[in-house]
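Okay, here's what each chain looks like letter by letter:
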Amino acid sequence: MQSVHGGRKVAARRDHVTADLPSRARPSESSRSRFDARRHIMAFFTHHVCRGLSSSAVRNVAIKHLTVIGGGQMGAGIAQVAASTGHSVTLVDTNGEILKKAVKGIEGNLKRVAKKKFSDKPESGEEFIQKALQNVSTSTDAAAVVQGSDLVVEAIVENLKVKQDIFSGLDKLAPAHTIFASNTSSLSITDIASSTSRLDRFAGLHFFNPVPVMKLVEVIGTSATSQETLDCLLNFSKVLGKTPVSCKDTPGFIVNRLLLPYIIEAIRMYERGHGSKEDIDIAMKLGCGYPMGPLELADYVGLDTMKFIMDYWSAANPENPSFAQSESLNKLVAEGKFGKKTGEGFYKYK
Ligand SMILES: CCCCCCCC(=O)CC(=O)SCCNC(=O)CCNC(=O)[C@H](O)C(C)(C)COP(=O)(O)OP(=O)(O)OC[C@H]1O[C@@H](n2cnc3c(N)ncnc32)[C@H](O)[C@@H]1OP(=O)(O)O
Ligand SMILES: NC(=O)C1=CN([C@@H]2O[C@H](COP(=O)(O)OP(=O)(O)OC[C@H]3O[C@@H](n4cnc5c(N)ncnc54)[C@H](O)[C@@H]3O)[C@@H](O)[C@H]2O)C=CC1
């Protein structure tokens, strides 16, 4: 099957996406962001020792410096967690104002973490915040900063062509050992990687929102990703204090394959008037123990991102009515109501 995204024709290699999947996709997640000396030692060890052993550009690359492309909610979260576990991070966005906002947000979240973690030692908390902030720099020019990176994590808009353009440009500039990873929610890693010549050093590294809180990272390998690259990313995820799972490059990987049909069906239920948005959300929170209801979660993820995902899946599966256009989602996005990040979506946040 062929599908067209962003003007570029790509082979839709993913298998058929069905909507009749179980909806109990998200176990309650209240775990906290962790920072401890052990992780610093692990980061130091993996960087210096594994690197010392490396004989080829690809083998045993350890991550010390990373470039995170996209300073939105996910990119800022990834930068925060990497910086607070001893990595130096350059956060890149095309918009300088977004970068300023991202750094301010990171500082606020670090204070939140420090207050809890160092409640009886405020000086240690302040030191933790300052150390992490010193690890973060920003740039509006990815090409200028990618040279020193062991890893590039892309967390920009959910659009195949835009992601491919970024990676194909950086592929010519980044060192040979640099691993490229995409935080895409729904696009094929194989399709994104096809814009580069480093197919063995390309994988998915899918974090969850909010990154400092959610413990899971999906590590997605394509048929061309090398085992060294996967091992490196699995280890890196652990150094960040996360629990990685390995996934194949199939639509939605593990979590979103289950989560997407659940959220879409909730939106359709609301559109059909089968329940108010409040009642649908209360039902799923109290009935299933989820921390957020599906419409709240859609607002939290971002309705613009939700629409990108739905458009992509419906183009790849035009015969599947589950991915047909959603009137309410389209209307909210057309009005610039992207959810929590813009102050209004299904709900108002001001
Ligand atoms: C078709 C679309 C399909 C989806 C596709 C796109 C999406 C993806 O690709 C994959 C995804 O990420 S899916 C989304 C996954 N995330 C969730 O399900 C979040 C659900 N919500 C929650 O866990 C809590 O409401 C939440 C943790 C958010 C907030 O909890 P509370 O309501 O209890 O609020 P708080 O009391 O403020 O926070 C609880 C604890 O967390 C700490 N915290 C919250 N945000 C933080 C942040 N940004 N940085 C650091 N710490 C943070 C907060 O301090 C608190 O800690 P404790 O005091 O120790 O409990
Ligand atoms: N929002 C969520 O809950 C999750 C989103 N993701 C994925 O992470 C990615 C980013 O999502 P969010 O952070 O929510 O989006 P966002 O809209 O908050 O941030 C995206 C950022 O990328 C920047 N950007 C766009 N094009 C760029 C370019 N060419 N170069 C540099 N920066 C550029 C934008 O200025 C914006 O600041 C998407 O692929 C999304 O599917 C993955 C997991 C969860």
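- The protein goes by Hydroxyacyl-coenzyme A dehydrogenase, mitochondrial in an unreviewed UniProt entry, where it is assigned to Gasterosteus aculeatus aculeatus.
- Per UniProt, the protein carries the Sequence similarities (unreviewed entry) text "Belongs to the 3-hydroxyacyl-CoA dehydrogenase family."
- Its UniProt record gives the protein a comment under Pathway (unreviewed entry), which states: "Lipid metabolism; fatty acid beta-oxidation."

With respect to unusual backbone geometry
Next, step 1: In this structure, the amide linkage connecting asparagine 209 to the following residue, proline 210, adopts the cis form with an omega of 5°.
Next, step 2: With respect to the secondary-structure elements, proline 210 resides in the loop between strand S8 (202-207) and strand S9 (216-221).

Some details on the packing of aromatic side chains
Next, step 1: Applying the stated criterion across every chain yields a total of seven aromatic pairs.
Next, step 2: When the ring of phenylalanine 167 is compared with that of phenylalanine 180, the centres are 5.3 Å apart and the planes differ by 35°; the resulting orientation is tilted. Here phenylalanine 180 lies in strand S7 (residues 179-182) and phenylalanine 167 lies in helix H6 (residues 160-171), a separation of 13 residues in the sequence. Each of the two residues, phenylalanine 167 as well as phenylalanine 180, counts as buried.
Next, step 3: Measuring from ring centre to ring centre gives 6.3 Å for phenylalanine 180 and phenylalanine 202, while their planes differ by 75°; the resulting arrangement is edge-to-face. Placement of the pair is phenylalanine 180 in strand S7 and phenylalanine 202 in strand S8, with a sequence separation of 22 residues. The exposure classification of phenylalanine 180 matches that of phenylalanine 202, with both residues buried.
Next, step 4: The side chain of lysine 117 reaches across the aromatic face of phenylalanine 118, ending 5.8 Å from its centre.

Quick look at the site of ligand 1
Next, step 1: Around ligand 1 sit 24 residues, and of these Ser185, His206, Asn209, Asn256 and Leu260 come closest.
Next, step 2: Asparagine 109 places a polar side-chain atom, nitrogen or oxygen, 3.4 Å from a nitrogen atom of ligand 1.
Next, step 3: Contact distances for ligand 1 include 2.8 Å between an oxygen atom and a side-chain N or O atom of asparagine 256.
Next, step 4: Out of a free accessible area of 1200 Å², ligand 1 has 76% covered by protein chains.
Next, step 5: If you list the elements that add at least two residues to the shell around ligand 1, you get helix H3 (96-117), helix H9 (255-271), helix H11 (294-301) and helix H12 (303-316).

Topic: the site of ligand 2
Next, step 1: Taken together, 23 residues surround ligand 2, and among them Asp93, Glu158, Lys163, Ser185 and Val301 come closest.
Next, step 2: Here asparagine 183 contributes a side-chain N or O atom positioned 3.0 Å from an oxygen atom of ligand 2.
Next, step 3: A distance of 3.1 Å separates an oxygen atom of ligand 2 from a polar atom in the side chain of lysine 341.
Next, step 4: Relative to its unbound accessible area of 830 Å², ligand 2 is 86% covered by the protein chains.
Next, step 5: Those elements giving two or more residues to the shell around ligand 2 turn out to be helix H2 (73-84), H6 and S8.
Next, step 6: Each residue belonging to the shell around ligand 2 can be placed in one class, and the counts come to nine nonpolar, ten polar and four charged.

Conventions used here
- Residues numbered from 1 in each chain as written.
- Chains lettered and ligands numbered in written order.
- Predicted model: local features only at pLDDT ≥ 70, side-chain atom pairs only at ≥ 80, totals over all residues.
- Heavy atoms only, no water.
- UniProt positions renumbered as here; feature names shortened; annotations may be inferred.
- Helix = DSSP H or I, 4+ residues; strand = E, 2+ residues; numbered from the N terminus.
- Phe/Tyr/Trp six-rings, centres within 6.5 Å; stacked < 30°, edge-to-face > 60°.
- Buried < 20%, exposed > 50% of the residue type's maximum accessible area, 1.4 Å probe, protein only.
- Lys NZ or Arg CZ within 6 Å of the ring centre and 35° of its normal.
- Near = heavy atom within 4 Å.
- Polar contact = N/O pair within 3.5 Å; in protein donor to acceptor, adjacent residues only side chain to side chain.
- Areas by Shrake-Rupley, 256 points an atom, 1.4 Å probe, with all protein chains shown as cover.
- Nonpolar A, V, L, I, M, F, W, Y, C, P; charged D, E, K, R; others polar.

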